[in-house]
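Reading the structure
Chain by chain, the residues run as shown.
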Amino acid sequence: MKKIFIIIPLFLSGFLFSQKKPLRRPVKKTGITEKFNYHDEFKKISDEIMMNGTAYNNLGELTKGIGPRFSATSGYTKAVQWAERKLREIGVEKIWRQEAKVPVWIRGKESLQIKTENGTWKNIRMLSFGNSEGTQGKDLTGEIVLINTTSDFNEMSWGQLKDKIVFVNLPLDPRIINTSDSYLITAKSKLISPSVIATTGAKALIIRSLTTANDDIPHAKMIYYEPDDKVKIPAMTIGAKSADELEKLLKKQKVTAKINMTAESKGETTNPNIIAEIPGKKDDKVIILGAQLDSWDFGEGAIDDGTGVAQCIEVLRTIKSLGIDNNHTIRVVLYANSENGGQGREMYASYVKNKDEKHVFALGTDAGGYSPRGFSLDMSPQRRRQIFEWKNYFLPYGVYDFDQTEAIQDISPLKKINVPLAELVVDTQRYFDYHHSVEDTFDKVNKRELLLGAVVMTQMIFMIDKNW
């Protein structure tokens, strides 16, 4: 009997221990409020845009219907009126203009000819730098001197370049896979700064276009003269093929250039940023989407940045169409004067600072309507980590790259007032084939890629609005 009484407690003890609940591991906080099925919400947004999106048609109207929309021109005025009409059509009630001072620069007539010692004059396709000084319609002639490295430039004496025309044949580095990085590295070279070249006594500057294309299309570039420049020399760009041919000639013989440009600056005027918003249901904090409304004076400006304009309008259309109750104010800013001055972006940042508006987030898009690949996150590590946790929601839409850390478009001045910035990252392998050239036209844009960009932008705005 004693054995029996000993066994029973042991049996019961084992039975009782087996009924205890297992210890739960602590649940890792994701920073996501689980009141939505985000996969379903993302699908609703995607279906709406891919089935009913108007971005592609809008882009066609902007580029083919209006065409070039350079600062201080009638084309920009027409683009402003078009944007306001499109925003009203999708049901946005709060739309206003914000005037910014912009330079009045007229390209006029321009030509470049070259001649070898025993040859005849040959025309070369060219484009003046934006805001460049001209030659007052007179022929400017001089011997061309090739300089391709800063060490060569630094070794030359003042007398060696005096009254010469400096030619820089500096291609984008094909080894850099991110073409935007390659472009920025080259664009920052002091060899393509007219202010730097002018200190040598040179008459003018010619550069190879900053392009990934192997053609003879010149691509425009913006110029900034320094305030203390004693001489402002004319500057221009030529296509890649002409640049390579010119370098070959210069290695064999003396080459003379003849430049004639009527480009001139005529003071300032004002052009408006266009601002439109859907007020927040919970508070007056602001989430903005930004794109540039202007383009260069010679092209349609489809990838730069008609696609961004169309996508920003599409985000607001989708929010209205799906009846999304946004907590914060969702605002679109279409910036003036992005191409030859940047006054629109500075004006908006000053406005925000002076009004002391609380901006939760700013998303820029200005890299063409190509397939979306991710978002560059220029913000605190804590905010970056929160967005990293949303990766799996974006993966089905081809978006995986959240590692880049610079947002350099028109939203960038907002960084000075501590606004978290993001930029839509797309596949840019073709972007610099057409960037700032006459080839930047509507036919270069793929409808599906354009709409997919609008999809992921809307999804990101949705996530920010519901979780920040």
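Everything in this summary refers to the structure shown in the same document. (Residues numbered from 1 in each chain as written. Predicted model: local features only at pLDDT ≥ 70, side-chain atom pairs only at ≥ 80, totals over all residues. Heavy atoms only, no water.)

Examining the sheet that holds strand β11 (residues 286-292)
Which entries qualify depends on this criterion: Only when DSSP finds a minimum of two bridges between them are two strands counted as paired. A run of DSSP states H or I qualifies as a helix once it reaches four residues; a run of E qualifies as a strand once it reaches two. Both are numbered from the N-terminal end. Note on geometry: axes are lines fitted to C-alpha atoms, helical ones only across the stretch in contact, with angles between N-to-C directions running from 0 to 180 degrees. Residue contacts are counted whenever heavy atoms from the two residues lie within 4.5 Å of one another.
Overall, mixed pairing links the seven strands, which are arranged β1-β10-β12-β11-β13-β15-β14 in an open sheet. For this open sheet the edge positions go to β1 (94-106) and β14 (372-378), each flanked by a neighbour on one side alone. Recorded for the sheet is a direction-independent mean angle of 20° between the axes of neighbouring strands. In the sheet, β14 pairs with strand β15 (residues 421-426) via six bridges, with the strands oriented antiparallel. Across the sheet, Ser 376 pairs through a bridge with Glu 423, a residue of β15. Where helix α10 (residues 302-322) meets the sheet, its contacts fall on β10 (264-278), β11, β12 (329-335) and β15, and the angle it forms with β11 comes to roughly 150°.

A short note on the packing of α10 against helix α15 (residues 447-467)
Counted only if it meets this: Any angle from 65 to 115 degrees is called roughly perpendicular, while one under 35 is roughly parallel, one over 145 is roughly antiparallel, and all others are oblique. Handedness of each helix crossing follows the sense of rotation of the near helix against the far helix: counterclockwise by less than a right angle gives left-handed, clockwise gives right-handed. Under this grouping Gly is polar, as are all residues other than the nonpolar Ala, Val, Leu, Ile, Met, Phe, Trp, Tyr, Cys and Pro and the charged Asp, Glu, Lys and Arg.
Running from N to C, α10 and α15 point in directions that differ by 50°, and their axes come no closer than 9 Å. By the angle between their directions, the pair α10 and α15 is classed as oblique. Considering only the axes of α10 and α15, their crossing is right-handed. Residues Thr 307, Gln 311, Cys 312, Glu 314, Val 315 and Thr 318 of α10 form the contact with α15, whose own contacting residues are Leu 450, Gly 453, Ala 454, Met 457 and Thr 458. Within the contact of α10 with α15, the residues separate by chemical class into five nonpolar, five polar and one charged.

With respect to the sheet that holds strand β7 (residues 204-208)
Pairing within the open sheet is mixed, and its eight strands lie in the order β3-β2-β9-β5-β6-β7-β8-β4. The open sheet has two edge strands, β3 (122-124) and β4 (126-128), and neither has a second partner. Going across the sheet, the axis of each strand differs from the next one's by a mean of 30°, ignoring polarity.

Observations concerning α15
Selection rule: One less than the number of residues in a helix, times 1.5 Å, gives the span that helix is expected to have. Working definition: with a 1.4 Å probe on protein chains only, accessible area under 20% of the residue-type maximum means buried, over 50% means exposed, and in between means partly exposed. Any N or O atom pair separated by 3.5 Å or less is treated as a polar contact, with the protein-specific requirement of one donor-capable and one acceptor-capable atom, and with residues adjacent in sequence counted only for side-chain atom pairs.
End to end, α15 covers 31 Å across 21 residues, agreeing with the expected 30 Å (1.5 Å per residue, within 8%). For α15, the tally of buried residues reaches 19 of 21 residues, placing the bulk of the element in the interior. Among the residues of α15, the N-terminal cap falls to Asn 446, whose side-chain oxygen and the backbone nitrogen of Arg 448 are separated by 3.0 Å.

What about the pairing of β10?
When β1 meets β10, the two strands line up antiparallel, connected through twelve bridges. In the strand pairing of β10, Ile 106 is matched with Glu 264.

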